[in-house]
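# Inside the fold
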2 protein chains.
Amino acid sequence: MATIKDVAARAGVAVGTASRVLSGSPQTSADSRSRVLAAARELGYIAHGPARSLRRARTDVLGLLVSDIRSPFFSELAHAAEQEARARGYTLLLANANEDAEQADAVLDAFASQRIDGLLLSPQGPRTPRLEALLAAKLPIVLLNRAIEGVDAPLYGTDNAGGVAQALAWLQRRGHRDVAFIGGPEGFSTGAERHDAYLAGREAHGISTDDALIDAGDFLADGAAEAMLRVLDRGVRPTAVFGANNQTTLGAMRAMRERLGAEAASRIEVVSFDDVEWFAFTSPPVSAVRNDAPAIGRAGVRGLLDLIDGGTAASQRIATSFVDRSEGGRA
Amino acid sequence: MATIKDVAARAGVAVGTASRVLSGSPQTSADSRSRVLAAARELGYIAHGPARSLRRARTDVLGLLVSDIRSPFFSELAHAAEQEARARGYTLLLANANEDAEQADAVLDAFASQRIDGLLLSPQGPRTPRLEALLAAKLPIVLLNRAIEGVDAPLYGTDNAGGVAQALAWLQRRGHRDVAFIGGPEGFSTGAERHDAYLAGREAHGISTDDALIDAGDFLADGAAEAMLRVLDRGVRPTAVFGANNQTTLGAMRAMRERLGAEAASRIEVVSFDDVEWFAFTSPPVSAVRNDAPAIGRAGVRGLLDLIDGGTAASQRIATSFVDRSEGGRA
DNA sequence: AACGCTCATGGAAACGATTCCATGACGGAA
DNA sequence: TTCCGTCATGGAATCGTTTCCATGAGCGTT
């Protein structure tokens, strides 16, 4: 592999000059510029990133730590974040924590060792020692989707209250009064925000305030199915169900089918937080509040780069959109 | 941030000694070992990756270039590959090419600049100049899922022929004679292999060899829908449809619903290459050949590490499994 | 004609680690 | 007791860049 020394030798200049040309310093003559660039092209020179990082004390690498890249939300977010980062001259290093604090810490160690310039973090749970260390080292950090208590970093996430309001408006338009709500764990800010917004808004949208209609799972299909069974076993018969995320909706639908039969279940309208493309193909089709994951990813990267450049960045709630798949609906 | 010099100073030894301790060289006394480790712990020392890479001439970083991380196949593959890499002490750098050769080249440049130790490549199309350069530089490379003409690198991918055989066996068990097959582009080895295997095997499984039942799309929903419409407009009335990947199946189902109505469409059994979880919730449910994306990712990483360690690696076809979601089926 | 300024350049230091080499301590064998 | 070998250690070179500093050329001004 050619080094800058080879380039300089071939161009007949000193390495300092070659470096200045290649990094676009204005302190260069047209003559050396052309000769250095020609030499670099001829040798297929590609700068040695680690060496550059060593000297410059920055790596132009951002780290993105998510709980599980396999979830559509995160894969869309990661995709958009990578595009944005690359467009700004940064490389995005992606890692999974697998909902496991130990693994998250291992990743943070690896990030620290790579000397990333900034971190986009979708927090699992509370703060860990590694995270403390990074905070103490003043590494620029932004949070995605969930807050962490006592961590003062800008947060980029879904506008949960706004999304719930969209779902409530739709339920009202569809004339539902008896609506089952299956929430998520209160421990997640996401779960709590959606739950609170629903409770706060239901009455104004003509929805029954009977708490027998409400239960919560763990944001996973199995837990949600159990919650839905509990609701049904209380004897209430909702005409619509609102699932607080996509897995929750999945579990709720399974439970309804199990308890009421496929035919009866398909007459209960379903609305979900988190849209997935296959909601169009279920029976009944599921209307949904759509997270703008790409916008969150892009906003996160932009905020992080502002921080890195020494500026400030403000938290941002990204608006959701609503996909109406009901019989009379638009889609 | 603490450097190894700080650690050495605090431990009262020379940097060389500190380095030997920290990198586990046997040439160290118990005394200096304990003092260096204590000093490192007290200072929260984390080695500077770029500096280490510079001197060692390796980075312990692998690059993974996929066309689109948002596809479930790649996100599962990437997830497994990252786990495997991390378990072996490597970091995985993930990038998207977005089906765009220019972007792929930009990524390869970035990888080259980072001096990755090896590349896992899911090829888009033909070879590009950057790829040539990397091959010429003897960078260890493995291919995922698709071959590239004239590139001699081990290939880790789905056993397409085996998967088609599983689908054919299922079609036979279900007693289907008139089966529509919607294939993918011949340009992709994936598409060609599945198509060929189907043509070769259908007769032996009691399936009509009427080519009016066969058409091909572009592996995307819209193209597949058009292909399915062409089939139906030829007047044939299949009792089952076989889609060559998940998007293809999606498009075919849409086309059937459009042409025949929801009710008639739901009586046509569907089998797909590429399983997705929501195939359980469509009407009719879709039985599917399941790619073992995680196994492919793991095998790819293992093969690549073998190459990096100077050994050899052999191409591997990863077996598929079959998910039977038909009425009488197991699932 | 002399002076001063700008500016491109060469050379060298620096970044933080690893690794080579020489040295000295120590222990065992004769 | 002397000698040799082993082995931990300190110090220095090295990896490929960037950046600082000093130098000298060239040019315009007085």
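Residues numbered from 1 in each chain as written. Chains lettered and ligands numbered in written order. Predicted model: local features only at pLDDT ≥ 70, side-chain atom pairs only at ≥ 80, totals over all residues. Heavy atoms only, no water.

## Let's talk about the packing of aromatic side chains
Describing an aromatic ring pair means giving the distance of the ring centres and the angle of the ring planes. All names here are of chain A. Short version of the rule: Only rings of Phe, Tyr and Trp enter the pairing, Trp through its six-membered ring, and a pair is recorded when the two centres are within 6.5 Å. The plane angle decides the type: under 30 degrees is stacked, over 60 is edge-to-face, the rest tilted. Secondary structure follows DSSP: runs of H or I at least 4 residues long count as helices, runs of E at least 2 residues long count as strands, and numbering of each begins at the N terminus. Exposure classes here rest on a 1.4 Å probe applied to the protein chains alone. A residue is buried below 20% of its type maximum, exposed above 50%, and partly exposed in between. Only lysine NZ and arginine CZ atoms are considered, and such an atom sits over a ring when it is within 6 Å of the ring centre and within 35 degrees of the ring normal.
Summed over all chains, the structure comprises 14 aromatic pairs over all chains. Where phenylalanine 181 meets tyrosine 198, the ring centres are 4.3 Å apart and the plane angle is 10°; that geometry is what we call stacked. Placement of phenylalanine 181 in strand E6 (residues 179–183) and of tyrosine 198 in helix H9 (residues 189–201) is noted, with a sequence separation of 17 residues between them. Take phenylalanine 181 and tyrosine 198: they sit in the same class, and that class is buried. Note on phenylalanine 181: relative accessible area 1%, which makes it buried. Here the aromatic cluster, defined as three or more aromatic residues joined through ring pairs, consists of Phe181, Tyr198 and Phe242. Between arginine 194 and the ring centre of phenylalanine 273, over which it is positioned, the NZ or CZ distance is 3.7 Å.

## Focus on the domain arrangement of chain A
Put simply, the rule reads: A domain assignment, automatic or from a database, supplies the domain bounds used here.
Along its sequence, chain A is carved into domain 1 (4–47), domain 2 (59–153 + 294–318) and domain 3 (160–290). Summarising the inter-unit geometry, the C-alpha centres of domain 1 of chain A and domain 2 of chain A are found 36 Å apart.

## With respect to the packing of helix H8 (residues 160–173) of chain A against H9 of chain A
Residue and element names in this part refer to chain A. Put simply, the rule is: For helices, the fitted axis covers only the stretch in contact; all axes are lines through C-alpha atoms, and the angles between them, taken along N-to-C directions, range from 0 to 180 degrees. For classification purposes, an angle smaller than 35 degrees is called roughly parallel, one larger than 145 roughly antiparallel, one from 65 to 115 roughly perpendicular, and anything else oblique. Crossings are assigned a handedness: left-handed for a near helix turned anticlockwise from the far helix by less than a right angle, right-handed for a clockwise turn. Between two residues, a contact is recorded if the distance between any of their heavy atoms is within 4.5 Å.
Remark: H8 packs on H9, axes separated minimally by 9 Å, with the N-to-C direction vectors making an angle of 45°. Relative to H9, the element H8 is oriented oblique. The two elements H8 and H9 cross, and the hand of that crossing is right-handed. Along its contact with H8, which presents Asn160, Ala161, Val164 and Leu168, the element H9 presents Thr190, Glu193, Arg194, Ala197, Tyr198 and Gly201.

## As for the relation of the copies chain A and chain B
We apply this condition: When the copies are overlaid, the least-squares fit takes in C-alpha atoms only where the residue has pLDDT of at least 70 in both copies.
When chain A is fitted to chain B, the best match, at an RMSD of 0.1 Å, comes from turning it 180° and sliding it 0.0 Å along the axis. The relationship between the two copies is best expressed as a two-fold rotation axis. Of the interface residues in chain A, 98% have counterparts in chain B that sit at the interface too, so the contact is made through matching surfaces.

## Focus on the protein's contact with DNA strand C
For clarity, the cut-off: By convention in this text, a residue qualifies as near a molecule or strand provided that one of its non-hydrogen atoms is within 4 Å of it. Here a polar contact is recorded for every N or O atom pair within 3.5 Å, except that within protein the pair must consist of a potential hydrogen donor and a potential acceptor, and residues adjacent in sequence are included only if both atoms are side-chain atoms.
Around DNA strand C, the structure places 24 residues, and the nearest of them are Thr17, Ser29 and Ser32 of chain A together with Ile4 and Ser19 of chain B. In the interface set of DNA strand C, defined as its atoms within 4 Å of the protein, sugar plus phosphate atoms amount to 67%. In the environment of DNA strand C, a phosphate oxygen lies 2.9 Å from a nitrogen or oxygen atom belonging to the backbone of alanine 14 of chain A. In this structure, tyrosine 45 of chain B approaches DNA strand C through a side-chain N or O atom, which is 2.9 Å from a phosphate oxygen. Looking at the surface near DNA strand C, the elements with two or more residues in it are helix H2 (15–22) and helix H4 (49–56) of chain A together with helix H2 (15–22) and helix H4 (49–56) of chain B. For the surface near DNA strand C, the element with the highest residue contribution is H4 of chain B, accounting for five residues.

## A look at the environment of valine 15 of chain A
Residue and element names in this part refer to chain A. Structurally, valine 15 can be placed in helix H2. Look at valine 15 and you get partly exposed, because its relative accessible area is 39%. In this structure valine 15 touches Ile4, Lys5 and Ala8, once residues within four positions along its chain are discounted.

## Overview of the side chain of serine 208 of chain A
All names here are of chain A. Turning to its location among the elements, serine 208 is positioned in the loop between H9 and strand E7 (214–216). Residue classification places serine 208 among the buried positions, given a relative accessible area of 7%. Within the structure, the side chain of serine 208 is placed 3.0 Å from the backbone nitrogen of aspartate 210, a separation counted as a polar contact. Residues within four places of serine 208 in sequence aside, it is in contact with Arg177, Asp178, Arg202 and Leu213.

## Considering the pairing of strand E10 (residues 286–290) of chain B
Residue and element names in this part refer to chain B. What counts here: Strand pairing is defined by DSSP finding a minimum of two bridges between the two strands.
By the criterion of burial, E10 is predominantly enclosed, with four of the five residues buried. As paired elements, strand E9 (residues 269–273) and E10 share four bridges and run parallel to each other. The residue of E10 that forms the bridge with phenylalanine 273 is valine 289. Sheet topology note: the E10/strand E12 (residues 321–323) ladder contains three bridges and is antiparallel. Residue pairing for E12: valine 289 is matched across the bridge by phenylalanine 322.

## Description of the protein's contact with DNA strand D
Under the convention used in this document: Gly counts as polar in this scheme, as do all residues outside two lists: the nonpolar Ala, Val, Leu, Ile, Met, Phe, Trp, Tyr, Cys and Pro, and the charged Asp, Glu, Lys and Arg.
Around DNA strand D, the structure places 24 residues, and the nearest of them are Ile4, Ser19 and Arg55 of chain A together with Ser29 and Arg55 of chain B. Close to the protein, within 4 Å, the atoms of DNA strand D belong to sugar or phosphate groups at a rate of 66%. For DNA strand D, a phosphate oxygen lies 2.7 Å from a polar atom in the side chain of serine 19 of chain A. A distance of 2.9 Å separates a phosphate oxygen of DNA strand D from a polar side-chain atom of glutamine 27 of chain B. Mapped onto the surface near DNA strand D, the elements with two or more residues apiece are H2 and H4 of chain A together with H2 and H4 of chain B. A total of five residues in the surface near DNA strand D trace back to one element, the largest contributor, which is H4 of chain A. Looking at the surface near DNA strand D, its residues break down into nine nonpolar, nine polar and six charged.

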